[in-house]
Amino acid sequence: MFLSAVWTLILTAPIHCRASIAETLIQCYISTNLMKTQTHPDLPADVNLSLFSFRKLWAFTGPGFLMSIAYLDPGNIESDLQSGAIAGFKLLWVLLVATIIGLLLQRLAARLGVVTGMHLAEVCNRHYPTVPRIILWLMVELAIIGSDMQEVIGCAIAFNLLSVGRIPLWAGVLITIFDTFVFLFLDKYGLRKLEAFFGFLITIMALSFGYEYVRVAPDQVEVLKGMFVPYCSGCGAAQLEQAVGIVGAVIMPHNIYLHSALVKSRDINRGNKKEVKEANKYYFIESSIALFISFLINVFVVAVFAEAFYGKTNMEVGQKCNESGSPHSDLFPANNQTLEVDIYKGGVVLGCFFGPAALYIWAVGILAAGQSSTMTGTYSGQFVMEGFLNLRWSRFARVLLTRSIAILPTLLVAVFEDVQHLTGMNDFLNVLQSMQLPFALIPILTFTSLTSLMNDFANGLMWKISGGLLILGVCAINIYFVVVYVFALNNTILYVFSAILSFAYLSFILYLMWHCLIALGVSCLDFRGSVRYPPAVLVDEQPELDS
C-alpha cells in the first residue's frame, strides 16, 4: 500500500516536480535505513548483543588513558622515588591501595558524565548556590594551577639534565611556554589523534622507567612482598609521612572533574538504559587498564630507588659521584645523613651509579611526564571554567592564562634560587592539591548518590556507605599531610595564618558534607527543607574537544 501510494504521488504530480519528489523520497529511505544500522557512528553497531567486544572496548578507549596521565605527573614521580629511598619496598602496598581507591573514584566520575551527559562542574553549577559555587571553582582552579606548576618544574629539570646544565633552569621554564602552542596545534587534528599522542608519551615513560628498572634489577621477591603484604616494620615518622604523601600525590582533585567530562566525547544514547550500562562497563574496563599501566610505571620508579639507594648516605653517594666524574657531586654534603632525593637528584644519582645513559633516559621520562600533564591542566581548566561560570574561553586564552600564572612564581624561584628550592616546590604543590581534594570527592559522592539525577544508576546503599567512609579516610589522610607540612615550617606567624585559613576551610567542608549527607538519605539534617535537587536533564551534546 505504501509503495503504491508513493508511485501514485509521483505519477500525478506535475512533470517538473516529479524528479525532486523522487529524489527526496529516496534520500528519506536511505537516511532511515542508515539510522537503523548506525545509531552511533562512534561505536561499532554489530556487536551490541555480545557480552564483551574488543571492538567496543577500542571505541571507548581514550578518556581513561588521558585521565591516567595525572597519576604519572612529575609530582607523582618525585613521591615514588622518595618512597623508595626512604622506606625501600615497604610502601608499595600503599601505592597499590591508593591506585585502587583512585580507580573507584574515577568510576564515579565517569558514571556521572555517562548517565547525565553533564560533567561534575556543570552539575555543581546547577545544584549549589552562587557563593559556594564560586568558592568551589576557586579551590579547583588552585589545584589546576598547582598541577601546571609541577609540569613546568618537571620540564625545566629535564631540559637541564639533558643539556648537562647548559640550559639553565629559568630557560627551561621559559621553554615550557612553547609546549602550549604544540599542544594547541595537535588539538586541531581531533580528539582521537590527541589520545594517540598522549598514549605515545605514556609509552615513552614506560620504556624510560622500565629501562631503569631492568638496569638496576631490583629483587623481585621484595617487590611482590612490598606490594601485597601490608607491613612497614621499623618505620617511623618519616615513613608515615611518605605513605600519606603517596595518597596525596596519586589522588588529584581536578582529575575527577576531567574524567567526568572526557567520557562525554563518545556518542551514547542516554535514553537507552542498555547503552548507558554498556558504556559504564567499557569505561570502567578501560580505566582499569590505564591505571594498571600507570601503577606499573610508578612501581618501576619506587623499586629502582628502593633497590639502589635505600639506606644510602650522602657521603656514599658523593664519593661514588666523584669516582664517576660527575659534575654534580657537590649536591651531596659529606655527612652520614640518609640520602634525600628529588626528581633532579634522582637523575644525578642514577648517572653516578649506572652511567650517563641512565641519567639521560631518566630525563627523557621526566620530560614525557611533564609534557603529558599539560593536557590534564588545560582540559580540566577549560571544563571547570565552562561548567562553574558558564564562561566559554578559547583554549588558547585558557592555556595562556593558567600557564602564565604557573610560570611566574616558578620562574622567580628558578632565577633567584637553586634547583633544590625549585624541586622543593613539588612538596608544597602536593600539599596544595591535597587540600583541594575534598572539593572534588564530596561533590562526586553527593551527585552520584542522587536518584533524581542518576535514576537507576544512583549509588546503592553499599556504595554510599563504602564511598562515604573511603572519602572520609582519604580526606583525613590528606588533612594530616597538610598539618605535618605546616608544623614543619616552624614559624609562629604561619601557624596563626594557617589557623585562620583552617577555620574557613573546615567550615566550607562541613557545608559540603551537610549537602552530601542529605543526598545520602539523612533527610533529618534538612531542617527547613532548604536543600532541593532538581530532576535530571539529560544532555547529549559532546564537549568542545570532540572536533
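All figures in this text were calculated on a predicted structure; none of them were measured in a lab.

Before going further, it helps to examine the overall build of the protein. Across its full length, the protein carries 23 helices and zero strands. Scored against the burial criterion, the 547 residues of the protein give a buried share of 54%. A fraction of 82% describes how many contacts in the protein between residues 6 or more apart in sequence connect residues 24 or more apart. Within the structure as shown, the protein displays about 23900 Å² of accessible surface, and the carbon and sulfur contribution to it stands at 69%.

In this section: the state of the cysteines. Across all of its chains, the model carries two disulfides by this definition. The residue that forms a disulfide with C321 is C352, at a sulfur-sulfur distance of 2.1 Å. One quick way to see it: the torsion about the S-S bond of C321 and C352 is about 105°, and its sign makes the bridge right-handed. Separated by 31 residues along the polypeptide, C321 in helix α15 (residues 314-324) and C352 in helix α16 (residues 343-354) bring together distant segments of the chain. Each of the two residues, C321 as well as C352, counts as buried. Sequential numbering of the bridged cysteines in the protein gives the disulfide pattern 1-2, 3-4.

Glancing now at the confidence of the model for the protein. Across the protein, the average pLDDT comes to 80, with 83% of residues at or above 70. Taken element by element, the protein is modelled with least confidence in helix α2 (residues 15-37), mean pLDDT 39, and with most confidence in helix α14 (residues 273-309), mean pLDDT 94. The low-confidence segment residues 1-41, where pLDDT is below 50, has 16 contacts with residues more than four positions distant or belonging to other chains.

This brings us to helix α23 (residues 492-519). Between its first and last C-alpha, α23 extends 40 Å over 28 residues, near the 40 Å set by a 1.5 Å rise per residue. Taken as a whole, α23 has its buried residues at S498, Y505, F508, I509, L512, H515, C516, I518 and A519. Just beyond α23, the residue with positive phi is G521, at close to 115°.

Turning to the packing of aromatic side chains, a few remarks are in order. Across all of its chains, the model carries 18 aromatic pairs by this definition. With a centroid separation of 5.3 Å and 70° between ring planes, the pair formed by F197 and F198 is classed as edge-to-face. An aromatic cluster of three or more residues is present, and its members are F209, F305, F309, F353, F354 and W362. Seen from the ring of F353, K320 lies directly overhead, with NZ or CZ sitting 5.9 Å from the centre.

The residue S79 is located in helix α5 (residues 74-87) in this model. If we skip the residues at most four places from it in the chain, S79 touches Q242, G245, I246 and A249.

Further remarks concern helix α12 (residues 237-250). Given a rise of 1.5 Å per residue, 14 residues ought to cover 20 Å, and the 20 Å separating the end C-alpha atoms of α12 matches this to within 8%. Burial of α12 is extensive: ten of the 14 residues sit out of reach of the surface. Every buried residue belonging to α12 is among Q239, Q242, A243, V244, G245, I246, V247, G248, A249 and V250, and all of these are buried.

For any two helices packed against each other, the geometry comes down to the angle between their axes and how far apart the axes lie. Two elements in contact, helix α7 (residues 120-127) and helix α20 (residues 438-448), have axes whose closest approach is 11 Å; the angle formed by their N-to-C orientations is 75°. Between α7 and α20, the crossing angle belongs to the class labelled roughly perpendicular. In contact with L120, V123, C124 and H127 of α7, α20 contributes A440, P443, I444 and F447. For the contact of α7 with α20, a count of residues per class yields seven nonpolar, one polar and no charged.

This part covers the pattern of salt bridges. Evaluation of the coordinates by the stated rule reveals four salt bridges. Linking K56 and E278 is a salt bridge whose minimum nitrogen-to-oxygen distance equals 2.8 Å. In this pair, K56 is assigned in helix α3 (residues 54-60) and E278 in helix α14, connecting sequence segments 222 residues apart. The residues K56 and E278 share a single accessibility class, namely buried.

A word on the nonpolar core. L136, Y257, F305, W362 and F447 are the most contacted members of the largest nonpolar core, which totals 142 residues. The dominant element in this core, judged by the number of residues it contributes, is α14, at 16 residues. If we ignore the near neighbours within four places in the chain, the residues touching W362 are I77, L81, L161, F209, E212, V301, F305, I343, G346, G347 and L350. Within the second largest apolar cluster, five residues are counted, among which are V244, V431, F481 and V482.

Moving on, we get to the packing of α5 against α14. Look at α5 against α14: their axes get within 7 Å of each other, and the N-to-C directions meet at 35°. Seen along the crossing, α5 lies across α14 with a hand that is right-handed. Here N76, I77, D80, L81, S83, G84 and A85 of α5 lie close against α14, whose contacting residues are N298, V301, V302, F305, A306 and F309. Per-class residue counts for the contact of α5 with α14 are eight nonpolar, four polar and one charged.

This part covers unusual backbone geometry. The residue A217 is not glycine, and still its phi comes out positive at about 55°. Counting through the fold element by element, A217 comes out in the loop between α10 (191-216) and α11 (220-228). For N455, which is not a glycine, the phi torsion comes out positive at approximately 55°. Within the secondary structure, N455 sits in the loop between α21 (451-454) and α22 (461-487).

This paragraph deals with the environment of S83. Counting through the fold element by element, S83 comes out in helix α5. In this structure the C-alpha to C-alpha distance between S83 and A303, which are 220 residues apart in sequence, comes to 9.2 Å. Among all residues touching S83, those that are not within four sequence positions of it are G88, L91, Q242, I246 and V302.

Here is what the cut-offs are and how they apply
Residues numbered from 1 in each chain as written. Predicted model: local features only at pLDDT ≥ 70, side-chain atom pairs only at ≥ 80, totals over all residues. Heavy atoms only, no water. Helix = DSSP H or I, 4+ residues; strand = E, 2+ residues; numbered from the N terminus. Buried < 20%, exposed > 50% of the residue type's maximum accessible area, 1.4 Å probe, protein only. Contact = heavy atoms within 4.5 Å. Areas by Shrake-Rupley, 256 points an atom, 1.4 Å probe, with all protein chains shown as cover. Disulfide = S-S within 2.5 Å. pLDDT = per-residue confidence, 0-100. Expected span 1.5 Å × (residues − 1). Phe/Tyr/Trp six-rings, centres within 6.5 Å; stacked < 30°, edge-to-face > 60°. Lys NZ or Arg CZ within 6 Å of the ring centre and 35° of its normal. Axes fitted to C-alpha atoms, helices over the stretch in contact; angles between N-to-C directions. Parallel < 35°, antiparallel > 145°, perpendicular 65-115°, else oblique. Nonpolar A, V, L, I, M, F, W, Y, C, P; charged D, E, K, R; others polar. Salt bridge = Lys/Arg side-chain N within 4 Å of Asp/Glu carboxyl O. Core = buried A, V, L, I, M, F, W, Y, C linked by side-chain atoms within 4.5 Å. Left-handed = near helix turned anticlockwise from the far one by under 90°.

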